[in-house]
Every structure is written in C-alpha cells, then in structure tokens.
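Listed below, chain by chain, are the residues.
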Amino acid sequence: MNKNILLSVDDLKVYFRGADGRASKAVDGVSYDIRREETVCLVGESGCGKTVSALSILGLIPQPPGEIVGGRILFDGRDLLPLTDEEMQRIRGNRVAMVFQEPLTSLNPVFKIGDQIAESIRIHRKIDADAQRQRCIQLLEDVGIASAEERLNAYPHQLSGGQRQRVMIAMALSCNPELVIADEPTTALDVTVQAQILKLFKVLQQKHNMAVLYITHDLGVVSAVADRVYVMYAGIIVEQGQTAQIFREPQHPYTRGLLSSLPTRSKRGQRLYSIAGSVPDPAHKPVGCPFHPRCPHAVQTCRERFPKMCDYGKGHLARCPVLYTNRNETA
Amino acid sequence: MTPQASYQSEAQPLDAPLAPQKSRWEEFWLLFKRNRLAVAGMVIFALFFITAIGGLLLTSGVDPVLDPSLVRLQEKMQPPLTQPNLDSLSPGQAPYLGTYLLGTDELGRDVFARMLQGAWVSLTVGFVAVGISVLIGIFLGGIAGYYGQNHIRLDHLLLTGTLIGGAVMIAVGRITWGSGLLVFGSAYLLFLFFQSQRQIESLPPSIQIRTFTIDTLIMRLVDIMLCFPTFFLILTVVALLPASIYNIMVVIGLTSWMGTTRFVRAEFLSLREQDFVAAARALGVGDLRIIFRHMMPNAVAPVLVSATIGIASAILTEAGLSFLGFGVPPPHATWGNILSDGQNYIFDAPWLTFIPGIAILIVVLAFNLFGEGLREVLNPKLRER
C-alpha cells in the first residue's frame, strides 16, 4: 500500500433506516483517498452524502438509525470501522479533528473558550495546566486572534462569527492532528471573513503538515483551496481529479452542469443555467445511473446499468461511460 | 475635522470584543433586578436562610439561649410581646429578650423559640428533599434524554427477572434455587460487561429481540408515579415508617422527582442534537464527560427554577404532614405542628395559629416568586423586551 496515503475510504456504504424499515442510502459505495499534507475537496449538493461520509470517518454516525453497511476506512493503514468506542475516542480530536459548519452553535455557550480549547489537550495529552494555557494562547495566536491571552476568558457570545470559527479551528488543531475534516466551515460566514478563513487554512496546513478534507458545496471555495476534488451526487462519487482537470475539462454531465450554473462575467445578462429536476430521494433512487433523470445525455443503458468509472488519465475519473465512448469515437 | 477623520480617530482596534464585556452573572442580575417581586422573594429567601441557621444555633445544645421546649405552665397562652411575670419564674426560665416576642403556647413554651427551631426543620426538609428529587431527576432524565433511543433487549429483561426472582426466592427461604438464579444472573451480567459488541451480536437472535426503549421505561415510570396522589402516598409511607425528620425528607424527595426528570429529559433531547455536542464528540470527549461537563451546565437553568419552587412545595408538604400529626415527632417543633397544636385554641390564642400560618405563607410565597423570577431571567423567551 502506498505509504503516502493517509486516509483511504473504500466502498463505504452508510444507510439510514426509516420508520417504515426502508433503507435510505445516504452514502452508497464511496471511495476516496487523501494523501498526507493534501487538501481534498468533497463537493456536492445538499443531501448528497458529503457530511455523512465525513462523520463516518470519526464514527459519529448515530446508530440507529444510521448503519454502516459496508466498506473500509483505512486511516494510516488501520481500519477504523471495527474499533471500539474507546479506541475511536483516542483518534478523534487527536489524530483526526473536525471543524463544523456553524461556528455560532458549535461552541458550548456556558464555557470560556480557553477551557474549550484546553479540553481536547487535556484529554489527549498529559501536560500540566500551565503548559495547557501556553498551548491555548499559542493556538489562538496561530489562528489570528489578537490579544489571545485575554480572549481565553471570553465566552462564545462575546466573539464574532469569524472569531468563533477561528476558535473552532484552534480547537481542531490543538493536538496537531494529521487530518482535519472541515465540514463547510465557511458557509455561515460572510464573504470577506470566508476569504480570511480559507487563507488561514492554507497557512496552518503548511505550518502543521496536515491533510485537510474540505467539504463544501461552493465551487468558488473548491477552486481556492483544493489540490484534488471529488464530486458527489446522490451518495456516489461521479467525478474525481485534480482541481484544474475538474474545472477545465469536466467530464461528467453533473459536474458540467454545476460549472455552467456558476455566474461568470461572460454570461452577464443571460439567464443562468440550472440542472433540471432535483436530487433524488435517497430512499427511492432511480435504477441505473442516479443522475439519468436529469441528464441531457441520458440513453437507454443509463436507465438500466449502474455506470462504471472511466479513466481520463492522470487520476481524472468520471462515472459516465456514455460521454467517454462518445469522446473516444469522435477523437 | 472631516467625518472621515473623526471616524478614524474613534475607531476601535479590530480585535476589540464585539459584545459588551459583561459576565453572565452581571447580565442575569441586571435582568433579575427589574422584577421587584422576585427581588423581594430573594431577600426573604436570604432572611429565612439566616433565621433558620441562627435559629439552629440559638435553640440547640444543652443549655440553649432560647429553649423551645421549656415548659412554664404558669405563663401559658400569653399574647405576643407580653412581659413575663418574673416573680413566678425561676431565673433560668425567663425568656432571653425579657419578653415573649411571639407569645407562649398552651404549655407556656416560647413561640418565638419554637418558630426558630421550626424554621431550621423547614429549611432542611426543603433542601434535602429537593436535593434528593433533583439528583434522581437529573439522573433518570439524563439517561432518558441521552441514551433514551437505545432499546432494552429481551436478555436484559430476562436478566433483571432472574436477579429479582433469585432475591425473592432467597427471601422466602428457597436458598438453593434462589442462589442458583443469582449466580447465573451475575455470571451473565459479567459476560455482558466484558464482551465486545460483536460477541454480543453472536448471541441467539431470539434473545436479542428489542423490546422497548429506555426512554419508554423511564417516562412511563414517571407517568405511573404522577398518577398517585402524592400526599396520600407520603401519608401511607410515613404511617408505615417510624416517625423521624429524616424519613420525611427522604419520602418527600422520593415522591417529587418526576417534574425534574421531565425537564431534564426535554433539555437533553434538544441539547443532544446541538452542534457543540457533536463538536465535543469529534474532539474525542467521552459520553460521561459530554453529559456532565457539556450538557448539564446548559440544562441546569430549568432545574434550578423547578428546584426553587420545589423547596416551597416540600416545606408545604412537611407542614401539612406535621399538621396531620404524621410529621416530625412532637417534642421537636415544626411550623406544621405549632399550627396543629394552635388550632385547638384558635379563639383563645389566635396567634398560635396565625404566626406559623403566616410564616409558611410568606416563605412559600417568597420561594415561588424567587423561582418565577429566575425562570424569567433564565428563559429568554419569557423576557419582556
């Protein structure tokens, strides 16, 4: 196995059982790799399984109703799924940390932020209170909070949204994790703060030599941070590749649709493109390619057979055999 | 100076805190202060506290300053503020302040001293009973709220049945059968404790049948307890147990935890879904730490409110029990039994009834107002804008 691969999710399947016993296939056979010190983006619409696949890395899927039906999650060569709760707790926050979407609600309102940052250190590292405090100040300075020492005694409601997200990042970094999962960390922030946070991620990533799994639905963010991109649709990966490959030569009709619905300067005054239809209900997915009801290129096979990944070279893969054969025929 | 420049000069550094640097307590106090009645309630609460503790110091010991059980038959049923007839009393019998502040009762005992002694009883009964009920409430409510969605498996039920059955058999004298069941039960318990999830999953499926959820178990227990008319339940229990102040506290505590349980469960159900709980879990925080360090401080507000009001109702219950003669045994004074003794002389010595009655009224009212005030401050939805 490649030593350079930090996390390898292999054919992960996470289903949620509804009250009627039907399985809602939130993640249905997803595979992705994250190399050390790399930023990987997971892109997709709301409800396509991005967050669920990230939460299952940390074993945070509520079971029941959730159920990890199959697959492996190899972190540093070790499968995380069969681990017990205690073993998982030693990994969470310590080697894999997570930054959540809503900085406004992700901090406990009744504790000072210093205590909250120190908590993870207290759990995972055996160091005395003074060292903890120094570490907290260091972390707050790292994430760009001025007068860090005084800020340790602030309560979350005394901070702005951007500052809170910085505190969340400081909490995630507190034990020098090898992988940080960022679940739409900038969605709740305004654009200027968003840019600052993205920049901060880049800086910290280089400083701490960590890999980042960045989950977002914002293609602008993707182009700014990602080394490689995985595009998800309805619980599966439809396209993957280097950021430049995905943005310059999108191969899957869904990725193409996403990119052409971005407003650009050349499209000024025109009506924006939108993908017809809506995301399928994860409990009643269409047979065959899950995208076929919305796909402008759909043919009969799309309705019958689940599409295979087609290789475009240099790590660029897309799950659309129809366009692949079309391209090869015209070439 | 141009507006631009003045803006520049007054601009705060970017890192200045955006919210006022006020601590939570200062903020609470500002809001609380606006409710006059609640402040009055709090003042009376504090006075009552001081009085009760002072009363304990003054009325207990071998030779108390104010002796609540000193009988002076020649001075019986003196109205409040009468001077004692010092000629008929031995020097040790004279009241401390040179006057019967609140009069004397039918045995010539100083009502002021008895009220002080009773205040301590009311205080301890109130606090201990509510303490017990809050502990039970937080424990059961926390379990129901946090672990509530887990199912109780059939083998858990069988195990409980086996253990109880074994204990009962030993109790009725079938030692061999009983101890057999107990040993089997404990062995299975140990097995469950040490086996991993996977090994338990390999048990025969018929035993793994899920029955009902933990939430169902606890909340139906609450419903059942709420069905009993509490006061009569307490009366029955007290009639069976030897009369003592501790039994009363425990019994009142054991019959008043249902409200707290419901509150805590409701709070936990909503807190469990909060992002900060998920964030804590993502940091590797364990279940117990999440429950007690992260969720409990967020859930105490309604518990505190219901506890304050619960103290009032515990005091009232104790007074009611003492009034009916089931409470704290006679030589010890409580407000309830002063009231109960006094009612026989309501026309000759009305102060014997009115003084404890009004004291109970004021204290209970003060606790209720204080509790309501707290509720208003702690629950932003009830705040007046």
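Everything quoted here is computed from the prediction, not taken from an experiment. (Residues numbered from 1 in each chain as written. Chains lettered and ligands numbered in written order. Predicted model: local features only at pLDDT ≥ 70, side-chain atom pairs only at ≥ 80, totals over all residues. Heavy atoms only, no water.)

### What to know about the interface of chain B and chain A
Tallying the contact residues gives 27 residues for chain B and 33 residues for chain A. For the pair chain B and chain A, the two sides together bury roughly 2,700 Å², of which 55% comes from carbon and sulfur. At the boundary of chain B and chain A, one finds 1 salt bridge. A salt bridge links arginine 289 of chain B to glutamate 119 of chain A, with the nearest nitrogen and oxygen atoms 2.7 Å apart. Viewed at the interface, chain A and chain B are joined by 8 residue pairs in polar contact (both at pLDDT 80 or more). Contributions of two or more residues to the side of chain B that touches chain A are made by helix H2 (24–33), helix H12 (275–282) and helix H13 (287–323) of chain B. (Contact = heavy atoms within 4.5 Å. Buried area = accessible area lost by both parts, 1.4 Å probe. Salt bridge = Lys/Arg side-chain N within 4 Å of Asp/Glu carboxyl O. Polar contact = N/O pair within 3.5 Å; in protein donor to acceptor, adjacent residues only side chain to side chain. Helix = DSSP H or I, 4+ residues; strand = E, 2+ residues; numbered from the N terminus.)

### Remarks on the sheet that holds strand S9 (residues 228–233) of chain A
Residues and elements named next belong to chain A. The 8 strands are arranged S6-S7-S8-S3-S9-S10-S12-S11 in an open sheet whose pairing can be described as mixed. The open sheet has two edge strands, strand S6 (96–99) and strand S11 (310–311), and neither has a second partner. Both strand S7 (residues 179–183) and strand S8 (residues 211–216) contribute to a ladder of 5 bridges, which runs parallel. Within S8, the position partnered with isoleucine 181 by the bridge is leucine 213. Helix-sheet contacts for helix H1 (residues 50–57) involve strand S3 (39–43), S6, S7, S8 and S9, and the interaxial angle to S8 is about 150°. The strands touched by helix H7 (residues 191–208) within the sheet are S3, S6, S7 and S8, with S8 carrying the most contacts at an inclination of about 160°. (Pairing = 2+ DSSP bridges. Axes fitted to C-alpha atoms, helices over the stretch in contact; angles between N-to-C directions.)

### Thoughts on the nonpolar core
By size, the foremost hydrophobic cluster in this structure holds 165 residues, and its most contacted members are Tyr32, Leu140, Leu179 and Ile181 of chain A. Sorting elements by how many residues they give to this core places H13 of chain B first, with 14 residues. Formed by 8 residues, the second largest nonpolar core is a distinct cluster that contains Val222, Met225, Trp257 and Met258 of chain B. (Core = buried A, V, L, I, M, F, W, Y, C linked by side-chain atoms within 4.5 Å. Buried < 20%, exposed > 50% of the residue type's maximum accessible area, 1.4 Å probe, protein only.)

### Considering the confidence of the model for chain A
Should pLDDT be low for a region, the predicted coordinates there are not to be read in detail. Averaged over every residue, the pLDDT of chain A is 82; the share at 70 or more is 98%. Confidence, read as mean pLDDT per element, is least for helix H12 (residues 321–330) of chain A in chain A (73) and greatest for S9 of chain A (89). (pLDDT = per-residue confidence, 0-100.)

### A few points about empty space enclosed by the protein
Scanning the entire structure with this criterion turns up 4 cavities of 30 Å³ or more. Of the pockets and cavities examined, the largest cavity occupies roughly 50 Å³. Contributing to the lining of the largest cavity are Ser106, Leu107, Asn108, Gln116, Glu119 and Met171 of chain A together with Phe276, Ala279, Ala280, Leu283 and His294 of chain B. Of all the elements in the fold, those that place two or more residues in the lining of the largest cavity are helix H3 (113–124) of chain A together with H12 of chain B. The element best represented in the lining of the largest cavity is H12 of chain B, accounting for 3 residues. Its residues assigned to classes, the lining of the largest cavity shows 6 nonpolar, 4 polar and 1 charged. (1 Å grid on protein atoms, 1.4 Å probe; cavity = no way out; pocket = protein on both sides within 12 Å on 5 of 7 lines; lining within 4 Å. Points joined across faces, edges and corners; volume = space filled by probe spheres on them. Nonpolar A, V, L, I, M, F, W, Y, C, P; charged D, E, K, R; others polar.)

### Some details on the pattern of salt bridges
All names here are of chain A. Tallying each qualifying case throughout the model produces 17 salt bridges over all chains. Between arginine 72 and aspartate 10 there is a salt bridge whose closest N-O contact spans 3.6 Å. One end of the pair, arginine 72, is in strand S4 (residues 66–75); the other, aspartate 10, is in strand S1 (residues 5–17), with 62 residues separating them in the sequence. Judged by its relative accessible area of 41%, arginine 72 falls in the partly exposed class. The shortest N-O distance in the salt bridge between arginine 294 and glutamate 45 comes to 3.5 Å. Here glutamate 45 lies in the loop between S3 and H1 and arginine 294 lies in the loop between helix H10 (253–260) and helix H11 (300–304), a separation of 249 residues in the sequence.

### Here we look at the packing of aromatic side chains
For the structure shown, the criterion picks out 16 aromatic pairs over all chains. Ring plane angle 85° and centroid distance 6.0 Å describe the contact between phenylalanine 48 of chain B and phenylalanine 367 of chain B, whose orientation is recorded as edge-to-face. Separated by 319 residues along the polypeptide, phenylalanine 48 of chain B in helix H3 (residues 36–59) and phenylalanine 367 of chain B in helix H15 (residues 351–378) bring together distant segments of the chain. It is arginine 293 of chain B that lies over the ring of phenylalanine 111 of chain A; its NZ or CZ is 4.6 Å from the centre. (Phe/Tyr/Trp six-rings, centres within 6.5 Å; stacked < 30°, edge-to-face > 60°. Lys NZ or Arg CZ within 6 Å of the ring centre and 35° of its normal.)

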